[in-house]
Amino acid sequence: MRNHSVVPEFILLGLTDDPQIQALLFVLFLAIYLLTVVGNLMMLLLVRIDSHLHTPMYFFLGQLSFLDLCHSSVTVPKLLENLLSEKTISVEGCLAQVFFVFATGGTESCLLTVMAYDRYVAISSPLLYGQVMNRQLCAGLVWGSWGLAFLDALVNILVALNLDFCEAQNIHHFICELPSLYPLSCSDVSVSFTTLLCSSLLHFTGNFLLILFSYIRILFTILAISSTTGRSKAFSTCSAHLIAVSFFYGSGLLRYLMPNSGSTQEMIFSLQYSVLTPMLNPLIYSLKNKDVKAALRRMVRKCF
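Residues numbered from 1 in each chain as written. Predicted model: local features only at pLDDT ≥ 70, side-chain atom pairs only at ≥ 80, totals over all residues. Heavy atoms only, no water.

Peer 1: Explain the overall build of the protein residue by residue, including any values.
Peer 2: For the protein, the count of helices and strands is 10 helices and 3 strands. When the helices and strands of the protein are read in sequence order from the N terminus, they spell out β-α-α-β-α-α-α-β-α-α-α-α-α. Each of the three principal axes of the protein carries a C-alpha extent, and together these read 65 × 45 × 30 Å. Contacts in the protein between residues at least 24 apart in sequence constitute 79% of all its contacts with a sequence separation of at least 6. The centroid of the 17 positive side-chain charges in the protein is displaced by 24 Å from the centroid of its 17 negative side-chain charges. (Helix = DSSP H or I, 4+ residues; strand = E, 2+ residues; numbered from the N terminus. Contact = heavy atoms within 4.5 Å. Lys, Arg positive; Asp, Glu negative; His and termini not counted. Charge placed at Lys NZ, Arg CZ, Asp CG, Glu CD.)

Written out as structure tokens, the structure is:
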């Protein structure tokens, strides 16, 4: 299958046409991207070199940091380029961005589900945690997350390749996302839209329900703990993950399930999950986690 478009490129209208505001936004998003890269590389480095973080929980956290680096790098560099130069992107480049946005977002959805299961095992069976969450299982869950997400993205992009784009070129967005391409197509989009809707419901909503189920089980386990200190410690191990889940599903899922209209609300949702969330995740896990803060102090002492 291949795309038969007459239009050679699209125009990403972006966030604003005002040159002064564009300059300010460039500085802002460049700072956010640099913080994202530094924060996630720091988290990857800590998980790699500190032996105290060689546990399943931090293995998954390292994978999340790598994923956030990938997801941010798919969207932000093109956003920065468009703020300084012509806002064009080839049809092929746009579809490639659609694929990788979908693949990395889908992988993060699966990985957050895996991390919820990891927290459930740690709280409900602490003595068997190391045996249950062994290295082989952890690696298999991560590879499975990537595999399912890329398969999901591949199915959607193969169907989208049948769309024709004849005249309309303006995308009322700052990145290429599949819902934003439907108004530009001069062919029937019903098959692609149905595929996207079904995959979003199965993949993202399915993962969300699994996370919800894990936390219901976690809640019952915590309520069965007699000591207040034990309950507090159990809750604290889940707080950072709950915040990360809220940020991701509070924007990403809504963006793909809401009708496409090119509204400001859509762009805000997209900015949150593609630009802000990858920057915030390492901050959330470092500020809410004593082990990460201790590992950071040990690394700083070694360096200085």
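Peer 1: Account for the packing of aromatic side chains, with residues named and values stated.
Peer 2: Remark: the centre distance and the inter-plane angle together describe each pair of aromatic rings, the angle taken between the planes. Following the criterion strictly, the structure yields 11 aromatic pairs and no others. On the basis of an interplanar angle of 85° and a centroid distance of 5.1 Å, the ring pair of Phe10 and Phe165 is categorised as edge-to-face. You can see Phe10 sitting in strand β1 (residues 9–12) and its partner Phe165 sitting in the loop between α5 (135–160) and β3 (170–171), a full 155 residues away along the chain. Note on accessibility: Phe10 and Phe165 belong to one class, buried. Taking 5.1 Å as the distance between ring centres and 85° as the angle between the ring planes, the aromatic pair formed by Phe248 and Tyr249 counts as edge-to-face. The exposure classification of Phe248 matches that of Tyr249, with both residues buried. Through successive ring pairs, a cluster of aromatic residues spans Phe66, Phe99, Phe100, Trp146 and Phe150. (Phe/Tyr/Trp six-rings, centres within 6.5 Å; stacked < 30°, edge-to-face > 60°. Buried < 20%, exposed > 50% of the residue type's maximum accessible area, 1.4 Å probe, protein only.)

Peer 1: Let's hear about the side chain of Ser145: which residues, and what values?
Peer 2: In this fold, Ser145 is placed in helix α5. Residue class for Ser145 comes out buried when judged on its relative accessible area of 3%. Beyond its immediate sequence surroundings of up to four residues, Ser145 is in contact with Thr107, Cys110, Leu111 and Val114.

Peer 1: An account of the environment of Phe174 is requested, with residue identities and associated values reported.
Peer 2: In this fold, Phe174 is placed in the loop between β3 and α6 (178–181). In the structure, Phe174 is positioned 95 residues away from Leu79 in sequence and 6.2 Å away in space, judged by C-alpha atoms. If we skip the residues at most four places from it in the chain, Phe174 touches Leu12, Gly14, Leu15, Leu79, Asn82, Met267, Ser270, Leu271 and Ser274.

Peer 1: I'd like to hear about the packing of helix α1 (residues 19–49) against helix α2 (residues 56–84), residue by residue, with values.
Peer 2: At a minimum axis distance of 9 Å, the contact between α1 and α2 shows a crossing angle of 160°. Put simply, α1 runs roughly antiparallel to α2. Seen from above, α1 lies across α2 with left-handed handedness. Taken together, the residues that form the contact of α1 with α2 break down as 21 nonpolar, 7 polar and 1 charged. (Axes fitted to C-alpha atoms, helices over the stretch in contact; angles between N-to-C directions. Parallel < 35°, antiparallel > 145°, perpendicular 65-115°, else oblique. Left-handed = near helix turned anticlockwise from the far one by under 90°. Nonpolar A, V, L, I, M, F, W, Y, C, P; charged D, E, K, R; others polar.)

Peer 1: A description of the confidence of the model for the protein should follow, citing residues and the corresponding values.
Peer 2: Averaged over all residues, the pLDDT of the protein is 85; the fraction at 70 or higher stands at 92%. By mean pLDDT, helix α8 (residues 228–257) is the weakest element of the protein at 77, and α5 is the strongest at 94. (pLDDT = per-residue confidence, 0-100.)

Peer 1: Before we move on, can you summarise the environment of Gly230 with the specific residues and values?
Peer 2: Mapping Gly230 onto the fold places it in helix α8. The partly exposed category is assigned to Gly230, whose relative accessible area is 22%. It is 27 Å that separates the C-alpha atoms of Gly230 and Arg135, two residues lying 95 residues apart in sequence.

Peer 1: So what's going on with helix α3 (residues 91–124)? Residues and values would help.
Peer 2: End to end, α3 covers 50 Å across 34 residues, agreeing with the expected 50 Å (1.5 Å per residue, within 8%). Burial runs high along α3: 28 of the 34 residues are buried. (Expected span 1.5 Å × (residues − 1).)

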